[in-house]
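Each chain is listed here by its residues.
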Amino acid sequence: MRKTLLVGVLTLLGLTGIAEARDYPVCLRVYHNYRDWYDECSYTSIPQCRMSASGRAAECIENPWYTAPQPAKKKLRKQRRRH
């Protein structure tokens with residue numbers, strides 16, 4: 001039973017990590033060499049990302065998969081006619 005619970009928790013954590021990576025507007029692109037890099041898309045601003053990039057072979061870029069939250073649509077109230 002412990003194995004089943006552990007596997008379930010790890011699976012749930014793995015799936016939420018994938019979804020959260022696309023929820024941030026800035027990515028840190030870390031270079032291994034000229035043809036190999038990976039992106040860490042977990043930053044809310046360019047200055048925050050630059051602090052992590054400092055001293056590394058890395059740069060900050062806008063997250064190409066990020067979609068900003070849409071503002072809530074206001075409901076139009078029907079106006080009563082006063083006679």
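From a predicted model like this one, the values you see are computed outputs, not experimental measurements. For every chain, the first residue of the written sequence is number 1, and numbering continues from 1 onward in sequence order. Only residues with pLDDT of at least 70 are given local features in this predicted model, and only at 80 or more are side-chain atom pairs given and counted; all residues enter the totals for whole chains, interfaces and linings. To obtain the side-chain values, all non-hydrogen atoms of the structure were included, while hydrogens and water were left out.

Only runs of H or I of at least four residues qualify as helices and only runs of E of at least two qualify as strands under DSSP, and these elements are numbered from the N terminus. A tally of helices and strands in the chain yields 2 helices and 3 strands. The contact criterion used is simple: two residues touch if any of their non-hydrogen atoms lie within 4.5 Å. Considering only intrachain contacts with a sequence separation of at least 6, the fraction spanning at least 24 residues in the chain is 47%.

Once that is clear, we can look at the sheet that holds strand β1 (residues 26-33). The sheet built from 3 strands is open, its strands ordered β2-β1-β3 with antiparallel pairing. Strand pairing shows two members of the sheet lacking a second neighbour, β2 (36-43) and β3 (58-62), which therefore form its edges. Sheet twist, expressed as the mean angle between neighbouring strand axes with direction ignored, is 30 degrees. Here β1 pairs with β3 via 5 bridges, running antiparallel. Its bridge partner lying in β3, L28 is registered against C60. Strands β1, β2 and β3 of the sheet are contacted by helix α2 (residues 46-53), whose axis makes an angle of about 25 degrees with β1. A pair of strands is considered paired only if DSSP assigns at least 2 bridges between the two. Lines fitted to C-alpha atoms define the axes here, with helix axes fitted over just the stretch in contact, and angles between the N-to-C directions of these axes take values from 0 to 180 degrees.

Moving on, we come to the confidence of the model for the chain. Summary statistics for the chain give a mean pLDDT of 80 and a share of 72% for residues scoring 70 or more. When mean pLDDT is compared element by element in the chain, α2 scores highest at 97, while helix α1 (residues 2-21) scores lowest at 52. Note that pLDDT drops below 50 for residues 13-19; the model gives that stretch 0 contacts with residues more than four away or on any other chain. A residue's pLDDT is simply how confident the predictor is in it, with values from 0 to 100.

What follows covers α2. The distance from a side-chain oxygen at the start of α2 to the backbone nitrogen of Q48 is 3.3 Å, and the residue carrying that oxygen is S45. Positive backbone phi, at 80 degrees, marks G55, one or two positions downstream of α2. Counted as a polar contact is a pair of N or O atoms within 3.5 Å, where, for protein atoms, one must be capable of donating a hydrogen and the other of accepting one, and residues adjacent in sequence contribute only when both atoms are in side chains.

Attention now moves to the state of the cysteines. Only a pair of cysteine sulfur atoms within 2.5 Å counts as a disulfide in this structure description. All told, the structure shown has 2 disulfides when counted by the stated rule. In this model C49 forms its disulfide with C60; the gap between the sulfur atoms is 2.2 Å. Between C49 and C60 the disulfide shows an S-S torsion of about -100 degrees. By sign, it is left-handed. Taken together, the residues C49 in helix α2 and C60 in strand β3 connect sequence positions 11 residues apart. Relative accessible area decides the class of each residue, using a 1.4 Å probe on protein chains only: under 20% of the type maximum gives buried, over 50% gives exposed, and in between gives partly exposed. Exposure remark for C49: the relative accessible area of 0% places this residue in the buried category. When the bonded cysteines of the chain are numbered from the N-terminus onward, they pair as 1-2, 3-4.

Here we take up the side chain of R29. Looking at where R29 falls in the secondary structure, it is placed in strand β1. A polar atom in the side chain of R29 sits 2.9 Å from the side chain of D39. Residues within four places of R29 in sequence aside, it is in contact with W37, Y38, D39, A57, A58, E59 and I61.

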